[in-house]
Amino acid sequence: MWNPLTLFYQSAASRDEFVRRRAELLAHAPIPCLWLLGKTGSGKTSIIRYLTGASDAVIGKGFRPETRYSRLFSFPDEEVPIVRFLDTRGLGEAGYDATADLAAFDERAHLVIATVRATDQAAEEIVGPLRTIRQANPQRPVLLAVTCLHDANPGQQQPDPDPFDSSTRPLPATLPEDLLRCLQAHYARFDGLFDRAVPIDLTPAAEGFVAPDFGGERLKQAILDQLPTAYRQTLLQMDSVREELSEMHQRRSAPIILAHSVLAASAAAVPIPWIDLPLVMAIQSHLIHRLAKANEQRIDAATVAQVSVAIGGRIALRMGLRELLKFIPWVGIAANATAAFAFMYASGWVWNWYFLQVRQGHIPSADELRVVYRQQLQKGVELWRITHREPRP
Amino acid sequence: MISRRSLVLGALVFLPVLVYSVLAGYSLWATGLLRKVWWLGPVCWVLAWGVAKLWKAAHATAEQHAVVIPAHWTPRDRQAAEIVRAFQQKVDQFSPAQLTDPQFYQTQVQALGVALAGHYHPGASDPFTSLTVPEVLAAVRLAVDDTEQWLLSSVPGSRLLSIRQWQMLQSAPTWIRRFQSATWAASMLMNPVNIARFWSSRLTADPVTTELQTELLAVIYLRFMRQMGFYLIEMNSGRLRGGADAYRRAFPAEAERPQAPAAGESPLSTAAAQPVTVALVGQVSSGKSSLINALTGVRQAAVDILPETRNVARYEVRVGEPPVSVTLLDTPGYGEAGASADQLKQIRTALQESNAVLVVMDAHSPAREADRRTIRELEAWYQSQPRLKPPPMLGVLTHIDLLRPVLEWSPPYDWREPTRPKEQSIDEAVRYVDQLFASSFVGLVPVCSDEARKRTWGILEELIPALTAILNDAQSAALLRAFERELDRGQLKTLLKQVHRMGSSLFQAWIEERLRPGHSDKGAK
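Below you will find a few notes about this structure. Owing to the predicted nature of the structure, the values given are computational and were not obtained by experimental measurement.

Glancing now at the interface of chain B and chain A. In this assembly, 26 residues from chain B lie in contact with 32 residues from chain A. For the pair chain B and chain A, the summed buried area comes to about 2400 Å², and 57% of that belongs to carbon and sulfur atoms. It is B:Ile305, B:Leu306 and B:Leu407 that lose the most area in chain B upon contact with chain A, and together they represent 24% of the buried surface on that side. Our count for the chain B to chain A interface comes out at three salt bridges. When the shortest N-O distance is used, the salt bridge between B:Asp304 and A:Arg181 registers 2.4 Å.

Okay, here's the thing in structure tokens:
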């Protein structure tokens, strides 16, 4: 099988070098990691489904065992992720000890989402571990997601309009009494263990609820509010890209392109000139390969060369010039990261568009490719700017 | 004794038949017809031999004569029954000569006794040292009682059998053989053709007779081992330590059981009238109290969406036909953060006291770890109490109205053959729990007992029948537990009485010794 990496790296040794460098980069890239803490069936998968748009089957298959009691889901994939979810499966098992998971994830987890069903009063299994996790790092934000609100009033629709606000412990007086008391009980039970409570009810569309994603927006906002700034931006990018995409194939490609763009931006942020240029190119060829696979297209070296020349024959030169800017600390890094992000973002969409056209029986000309590239480059720069309005810490 | 009148009447009835058969034999010989029909005997014997060869006897297998396991037996007793069965299966290896030897039966019983004693008291090297004398005597008495009953009911004419006749019976086969040989010799002298008949009889009829004999012996051996095994198990389990009478009172022999005497029944102690205690356990807010309200038909247990039951409460209900008095124990739920140690202890006590357990689980909340822990703990406790019979456990899945599709509630639901989405959800929920706890539960029923919203279903359709089905088992467990408790209490009382009696007589002797003239002089020296 043709490996796009060989375009840039001839030997196996240099390929290994790329894999090693990518691992280093991933450690520094602002990829948010959300720690989901809750019993089986408390709605963890629904939250992942809502945040990423991935199907239950993809989520189920995507989980990889991490420690004895925990597993990790990287979205869209493990190689170049954009967001990660940690799921503690062992919760409630006789021998479960949160300290082992803490040792493994304390550094990596940026936010904890504790999930509990509204009517489930057997919360012993989760309160204990949450206390340990909270004590280890009181600065790490904890969201209390009270799920399955409909259990408290069987057979009823969700209240409309959504009566919950974004306060720490929302308790609207208009709620049915049973639900109100359940929420109060949970707030009291988890007192001091969470920063904000978010009552939600994410039901599959087939259930027939008028608002299947009840409270989803509030949850997303709460996550964005609580996450450290850098990680927030990655999630914001994902969110804004996802919203404007309607086509199925674009929905599938968007997370892949974004993840690679974030990675390229991280690569460019390394304050050593020249080192990132081949790496950015390697990330690009990896992206092309992934997009081809996602679009069920075969690619060969000739095509890659042809499209690459069309979209930016002098891109290498431009990137080279920007490398010099790195000698000026901070300014250079920001400019460079923006360029790398926008470059990866635009070339990703160009390739995606290219594959789509080929599938429809049309081979785009070099001019057409160039036009699309310029549009997407602009979009990439804008996206970076919008999501980075706040000064970086 | 048979009356003289019966003898006379009998003689009058049978005399003509006797006379006719003698006359018929004589006329057959006199008219020469015998020469024409002599082949009848040999042909029939050859036929019998052939039929016996082709039509194999249904073998007297150990399965047919396996120990019938009474309801009150514990898992340890059931394992012991397997040991007995292993001994029974060896029947094919024994020769008829062995099976007719009384000494052989004795060694077999000894070997079985050692094997069973080793099972009950690991490390025991002989059948009896780990037992008390009254236990052994009780076992002997029960076995003798049974033999007597068997003789009276199953051996024809046993009421008339005197010891002299019994001894004569032992030598009867020799007499018959001698008589047969003499007859054959006489007939051969009279007609040499009879030599052929003699040999055909030897070759054909004898194997058939031997086979019949072997089969009969095998059945006797199997029955013998079953009988001995049964009482050895009862003896080793410790249930005979209160004596044979106490045992019979608690476990009167049933028709299908291998022992028989129907001792004077005290109606309160038999299994049929045994009241049963059923504990309802489950995670907090799983619906135990609302289930009790649905079972009793009265809203007496407090029900709320938040945990309500804090202490074990008792409710009475009558179930089944004839009605059995059932005490339902409503327990505080487990798994609640900050549940007090006292609450956990209450749950444990309720579980250990109960004769049947309903494990109540919220069907739409799949976290089962807390239930698994509780069930394991209970099973481990019963493993440490081999004298008690573990209570049957029934799984109850509540809140099925909250299963998908959540907005729908239109019972009845035929979840065993699911077609509608709700039925499929119920089926899935049942399968999931069944997969987890199949080895612990005797049954699993989905119900909905939300009376406040008028959503009750499955109580009459599913739960009551399932509960009735386990009542027998629960009653046996209750009976065995009451019996063991009674024995222990009785033993202590007897021991105290004995100590008291011995102590008072010793004290008296000592006082008498002190008061004896000349005692103080001795002490002064």
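Moving on to the sheet that holds strand S7 (residues 196-199) of chain A. All names here are of chain A. Strand order in the open sheet formed by seven strands is S2-S3-S4-S1-S5-S6-S7, with mixed pairing between adjacent strands. The sheet terminates laterally at strand S2 (64-65) and S7, the two strands that pair on one side only. Two elements, strand S1 (residues 33-38) and strand S5 (residues 111-117), share five bridges in a ladder whose sense is parallel. Looking at S5, one finds that Trp35 is bridged to Val112. With respect to the sheet, helix H2 (residues 44-52) is in contact with S1, strand S3 (70-75), strand S4 (83-88), S5 and strand S6 (142-147), its orientation differing from that of S4 by roughly 175 degrees. Docked against the sheet, helix H7 (residues 216-226) engages S1, S5, S6 and S7, running at close to 160 degrees with respect to S7.

Residue and element names in this part refer to chain B. If you walk across this open sheet you meet the six strands as S2-S3-S1-S4-S5-S6, and the pairing is mixed. Lying at the two open borders of the sheet, with one neighbouring strand each, are strand S2 (313-319) and strand S6 (441-446). Strand-to-strand twist of the sheet, defined as the mean angle between neighbouring strand axes without regard to direction, takes the value 25 degrees. The sheet contact formed by strand S1 (residues 276-282) and strand S4 (residues 356-362) spans five bridges and is parallel. Bridged to Leu280 within S4 is Leu358. Across the sheet, helix H14 (residues 421-437) lies against S4, strand S5 (393-398) and S6, angled at about 160 degrees from S6, the strand it touches most.

In this structure, the second largest pocket occupies an estimated 1400 Å³ of space. A:Thr40, A:Gly41, A:Arg117, B:His364 and B:Pro366 are, among the 49 residues lining the second largest pocket, the residues nearest its centre. Among the elements of the structure, H2, S4 and strand S8 (201-202) of chain A together with helix H13 (369-383) and H14 of chain B are those that each provide at least two residues to the lining of the second largest pocket. Of the residues forming the lining of the second largest pocket, the biggest block, six residues, is contributed by H14(B). For the lining of the second largest pocket, the class distribution of residues is 18 nonpolar, 13 polar and 18 charged.

Right, let's get into the side chain of B:Ser237. Residue and element names in this part refer to chain B. Relative to the assigned elements, Ser237 resides in the loop between helix H9 (194-236) and helix H10 (244-250). Within the structure, the side chain of Ser237 is placed 3.3 Å from the side chain of Arg239, a separation counted as a polar contact. Once residues lying within four places of it in the same chain are set aside, the contact partners of Ser237 are Arg76, Asp77, Tyr120, Arg387 and Glu484.

Below, the discussion takes up the packing of helix H4 (residues 75-89) of chain B against helix H6 (residues 102-120) of chain B. Residue and element names in this part refer to chain B. At a closest axis distance of 10 Å, the pairing of H4 and H6 adopts a crossing angle of 155 degrees. When the axis of H4 is compared with that of H6, the two are roughly antiparallel. Here the hand of the crossing between H4 and H6 comes out right-handed. Facing H4, whose interface residues are Arg76, Asp77, Gln79, Ala80, Ile83, Val84 and Phe87, H6 presents Gln108, Ala111, Leu112, Ala115, Leu116, His119 and Tyr120. Classifying every residue of the contact of H4 with H6 by side-chain character gives nine nonpolar, three polar and two charged.

On to empty space enclosed by the protein, then. All names here are of chain A. All chains considered together, the criterion is met by five cavities of 30 Å³ or more. Its volume calculated, the largest cavity comes out at about 80 Å³. Each residue belonging to the lining of the largest cavity can be placed in one class, and the counts come to one nonpolar, five polar and four charged. In this structure, the second largest cavity encloses a volume near 70 Å³. Leu51, Lys220, Ile223, Leu224, Leu235, Met238 and Asp239 together form the lining of the second largest cavity.

What counts and what doesn't
Residues numbered from 1 in each chain as written. Chains lettered and ligands numbered in written order. Predicted model: local features only at pLDDT ≥ 70, side-chain atom pairs only at ≥ 80, totals over all residues. Heavy atoms only, no water. Contact = heavy atoms within 4.5 Å. Buried area = accessible area lost by both parts, 1.4 Å probe. Salt bridge = Lys/Arg side-chain N within 4 Å of Asp/Glu carboxyl O. Pairing = 2+ DSSP bridges. Helix = DSSP H or I, 4+ residues; strand = E, 2+ residues; numbered from the N terminus. Axes fitted to C-alpha atoms, helices over the stretch in contact; angles between N-to-C directions. 1 Å grid on protein atoms, 1.4 Å probe; cavity = no way out; pocket = protein on both sides within 12 Å on 5 of 7 lines; lining within 4 Å. Points joined across faces, edges and corners; volume = space filled by probe spheres on them. Nonpolar A, V, L, I, M, F, W, Y, C, P; charged D, E, K, R; others polar. Polar contact = N/O pair within 3.5 Å; in protein donor to acceptor, adjacent residues only side chain to side chain. Parallel < 35°, antiparallel > 145°, perpendicular 65-115°, else oblique. Left-handed = near helix turned anticlockwise from the far one by under 90°.

That's the geometry; what it means functionally is another story.
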